[in-house]
Amino acid sequence: VESEGNIRFTGDGLNNVTFSADGKVLASGHGDGSVHLWDPTTGQLISTIKGSETSIEGVAISPDGKLLASTAIFEGIVRIWDMESGELANEITVTGSPMLSVNFSPNGTQLAISGAILSLTKGTVESFISIRDISTWKEIQKIKPTEGGAGRVVFSPDGTRAVFGAGRSELSIWDVTTGE
């Protein structure tokens, strides 16, 4: 860490960052397909996970600090990593979605995957939110906003609602249990 509190790194672009719930780890997604885990107090690199061959666009750390979710541009895959070992724990494929974002619920029992499914034949972009149970990784709720790509989902502190940007001028708030 430099005197002004900056962490300097070499590599191809920084696309997304997130803190662990306890603030002891900072995860950063990079254009070279890597995820760097940092100690934000010292600025020291803890480890690097080679998350993809393409640019990492989304990163999220589970509230208990055990799991890291990452997404890469144009892949349509969410990769779940064990934070301690750096090993791949699971992959979730989302067909037709070139860009994805991820976020864990505050209690750590759910993972929200948001993105857009492109239809080149129809010339449309359809938003979606997939809420997954992290014990099985199965979809427990699918939310389909009206238009445009869905931005990153943020849960309310109690985990009952999800909010995200959809399209160019819509902010959507949804009940996670009912999908309404």
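Remember, it's a predicted structure, so these values are computed and weren't measured experimentally. Residue numbers here run from 1 along each chain, matching the order of that chain's written sequence. In keeping with the model being predicted, local features are shown solely for residues with a pLDDT of at least 70 and side-chain atom pairs are shown and tallied solely at 80 or more, while totals for entire chains, interfaces and linings include all residues. Based on all heavy atoms of the structure, the side-chain values leave hydrogens and waters out of the count.

Considerations on the pairing of strand β7 (residues 77-82)
In summary, the side chains of a regular strand alternate between the two faces of the sheet. Of all 6 residues in β7, 5 are buried, a share of seventy percent or more. Bridge count for strand β6 (residues 67-72) against β7 is 5 bridges, and the pairing is antiparallel. Bridging across to β7, Ala69 finds its partner in Ile80. In this antiparallel pair of consecutive strands, β7 and strand β8 (residues 88-93), the connection spans 5 residues, and Gly86 shows a positive phi of 80°. Three labels apply to residues, based on accessible area from a 1.4 Å probe with only protein chains included: buried if under 20% of the type maximum, exposed if over 50%, partly exposed otherwise in between. Comment: elements are numbered from the N terminus, with helices defined as DSSP H or I runs of at least four residues and strands as E runs of at least two. A pair of strands is treated as paired once DSSP finds two or more bridges between them.

Regarding the environment of Gly65
Mapped onto the elements of the fold, Gly65 is located in the loop between β5 (56-61) and β6. Here the alpha-carbon distance between Gly65 and Gly108, two residues 43 residues apart in the chain, equals 9.4 Å.

Thoughts on the nonpolar core
Counting 14 residues, the largest nonpolar core has Ala69, Val78, Ile80, Val102, Leu111 and Ile113 as the members making the most contacts within it. For this core, the secondary structure elements donating two or more residues are β6, β7, β9 (100-104) and β10 (110-119). With 3 residues, the top contributor of residues to this core is β9. Here the nonpolar core consists of buried residues drawn from Ala, Val, Leu, Ile, Met, Phe, Trp, Tyr and Cys, with membership extended through side-chain atoms lying within 4.5 Å.

A look at the layout of surface pockets
Reported here for the largest pocket is a volume of approximately 190 Å³. Along the wall of the largest pocket there are 15 residues; nearest its centre are Phe19, Ile61, Pro63, Asn103 and Phe104. Elements that contribute at least two residues to the lining of the largest pocket include exactly β1 (14-19), β5, β9 and β13 (154-155). Considering only residue class, the lining of the largest pocket consists of 9 nonpolar, 5 polar and 1 charged. Think of a 1 Å grid over the protein atoms and nothing else: a 1.4 Å probe that fits but is trapped marks a cavity, an open set flanked by protein within 12 Å on at least five of seven lines marks a pocket, and residues with an atom within 4 Å of a point count as lining. Grid points are joined across faces, edges and corners, and a volume is the space filled by probe spheres set on the points. In this count, Pro and Cys sit with the nonpolar residues alongside Ala, Val, Leu, Ile, Met, Phe, Trp and Tyr, while Asp, Glu, Lys and Arg are called charged and the others, Gly among them, polar.

Here we look at the pattern of salt bridges
Criterion for a salt bridge: a side-chain nitrogen of Lys or Arg within 4 Å of a carboxyl oxygen of Asp or Glu. Counted under the stated rule, the structure contains 2 salt bridges. Arg79 is the salt-bridge partner of Glu75, the closest N and O atoms lying 2.6 Å from each other. The salt bridge partner of Arg79 is Glu91, with a shortest N-O separation of 3.1 Å. Of the two residues, Arg79 sits in strand β7 while Glu91 sits in strand β8, which places them 12 residues apart along the sequence. A relative accessible area of 12% means that Arg79 is categorised as buried. Salt bridges sharing common partners tie together Glu75, Arg79 and Glu91.

A short note on the sheet that holds β7
Across the sheet, 4 strands lie side by side as β5-β6-β7-β8; this open sheet has antiparallel pairing. Whereas interior strands pair on both sides, the edge strands pair on one side only; in this sheet they are β5 and β8. Going across the sheet, the axis of each strand differs from the next one's by a mean of 20°, ignoring polarity. Between N-to-C directions, angles span 0 to 180 degrees; the directions come from axes that are lines fitted to C-alpha atoms, helices contributing only their stretch in contact.

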